[in-house]
Amino acid sequence: MVFKVGGDIDAYCTKCRLDTIHVVVALKADNAGPKRVECKSCGGQHMYHAPKLPSRSEAPSQPAVVNRSAAARNPAPPKPPKAPKAAKAAAKAAALSPPAGASTRDWLRRMEDLALQGGTPIKAYSMRETFAAGDPVSHPKFGKGVVLEVLEAKKCAILFEEGRKVLAMGNV
Ligand SMILES: [Zn+2]
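Residues numbered from 1 in each chain as written. Predicted model: local features only at pLDDT ≥ 70, side-chain atom pairs only at ≥ 80, totals over all residues. Heavy atoms only, no water.

(A) Molecular detail of the side chain of S103. Locating S103 in the fold gives a position in helix α2 (residues 79–117). For S103, a relative accessible area of 17% puts it in the buried group. Once residues within four sequence positions are removed from consideration, S103 is found in contact with L159, E161, E162 and G163. (Helix = DSSP H or I, 4+ residues; strand = E, 2+ residues; numbered from the N terminus. Buried < 20%, exposed > 50% of the residue type's maximum accessible area, 1.4 Å probe, protein only. Contact = heavy atoms within 4.5 Å.)

(B) The arrangement of the coordination of the zinc ion in detail. Summarising the metal site, the zinc ion is bound by the protein donors C13 (SG), C16 (SG), C39 (SG) and C42 (SG), whose distances to it range over 2.2 to 2.3 Å. The coordination sphere of the zinc ion comprises four donor atoms, whose angles at the metal cover 106 to 112 degrees; the geometry is tetrahedral. Along the chain, the residues donating to the zinc ion fall in the pattern C-x2-C-x22-C-x2-C. (Donors = N, O, S within 2.8 Å, 3.2 Å for Na, K, Ca; no water. Tetrahedral: all angles 85-135°; square planar, octahedral: opposite > 155°, others 65-115°.)

(C) Up close: the sheet that holds strand β7 (residues 143–152). One open sheet holds the five strands; their spatial order is β5-β6-β7-β8-β9, and the pairing between them is mixed. Each having just a single partner strand, β5 (123–124) and β9 (163–168) make up the two edges of the open sheet. Relative to strand β8 (residues 155–160), β7 runs antiparallel, the two sharing six bridges. Each bridged residue has a counterpart across the sheet, and for V147 the counterpart in β8 is I158. (Pairing = 2+ DSSP bridges.)

(D) Molecular detail of the sheet that holds strand β1 (residues 8–13). The strand order across the open sheet formed by four strands is β1-β2-β3-β4, and the pairing between neighbours is antiparallel. This sheet does not close on itself; its edge strands, each paired only once, are β1 and β4 (45–47). Neighbour to neighbour, the strand axes of the sheet diverge by 50 degrees on average, direction disregarded. Inspection of the sheet shows β1 paired to strand β2 (residues 18–27) by six bridges, in the antiparallel sense. Among the inter-strand pairings, Y12 is bridged to a residue of β2, identified as D19. (Axes fitted to C-alpha atoms, helices over the stretch in contact; angles between N-to-C directions.)

(E) Main features of the pairing of β2. Between the end of β1 and the start of β2, which pair antiparallel, lie four residues, with R17 showing a positive phi angle near 55 degrees. Pairing analysis gives five bridges linking β2 to strand β3 (residues 34–39), with the strands arranged antiparallel. By the bridge assignment for β3, A26 is matched with R36. Counting the residues that bridge the hairpin from β2 to β3 gives six residues, and of these D30 lies at a positive phi of roughly 60 degrees.

(F) Structural context of the packing of aromatic side chains. Inspection of the entire model under this criterion finds two aromatic pairs. For the ring pair Y125 and F131, a centre distance of 5.8 Å and an interplane angle of 15 degrees mean the geometry is stacked. Taken as a pair, Y125 and F131 share a single burial class, namely buried. Ring geometry for F142 against F160: centres 5.1 Å apart, planes inclined by 45 degrees, an arrangement best described as tilted. Here F142, found in the loop between β6 (136–139) and β7, pairs with F160, found in strand β8; they are 18 residues apart in sequence, far enough to count as distant. Look at F142 and you get buried, because its relative accessible area is 17%. On the basis of relative accessibility, which here comes to 0%, the residue F160 falls in the buried class. (Phe/Tyr/Trp six-rings, centres within 6.5 Å; stacked < 30°, edge-to-face > 60°.)

(G) Representation of unusual backbone geometry within the structure. Even without glycine at this site, R17 takes up a positive phi of about 55 degrees. Its location among the elements puts R17 in the loop between β1 and β2. A residue is classified by how much of its surface remains accessible, and R17, at 64% relative accessible area, is exposed.

(H) Just the pairing of β8, in detail. Counted residue by residue, β8 has five buried out of six residues, so it is predominantly covered. Counted between consecutive antiparallel strands, the loop separating β7 from β8 contains two residues. Bridge count for β8 against β9 is six bridges, and the pairing is antiparallel. Bridging across to β9, A157 finds its partner in V166. Count of turn residues in the β8/β9 antiparallel hairpin: two residues.

The following block contains the structure:
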């Protein structure tokens, strides 16, 4: 801001004890700011004092500051943040578990059955191999699985831990 002698400026008047409009009488060196000012209300001249109150444009921010400090003094009660968090976690679990959980449970049961049967050799999956329903299979990417059904001559459905996959077979 550039100040100039004769210009109006908001300042604190030492006589009125108020922020009033003053006229700049003298400036500090290098235009560093007003040095002496004359009050337009009482006509008194005095050293420039910055206004005590924030200018009108800053005023609206005051209630917000008050609210913010009030909020800091009274942090939100612990319950509300906890409830949504728990609900969120439950919703997340609910969203994840039914599809994945069902097939994983099924897969686990199948794996247990195969283990109980014992002896059934696990075939390494290859599209050149031919499988039958109930065959245990080991796949390089999907891991251990069991053939659910043969869909057609060259396709079978295999249940892996991550779910049912339809894979090619018998491609000699
Ligand atoms: Zn005054």
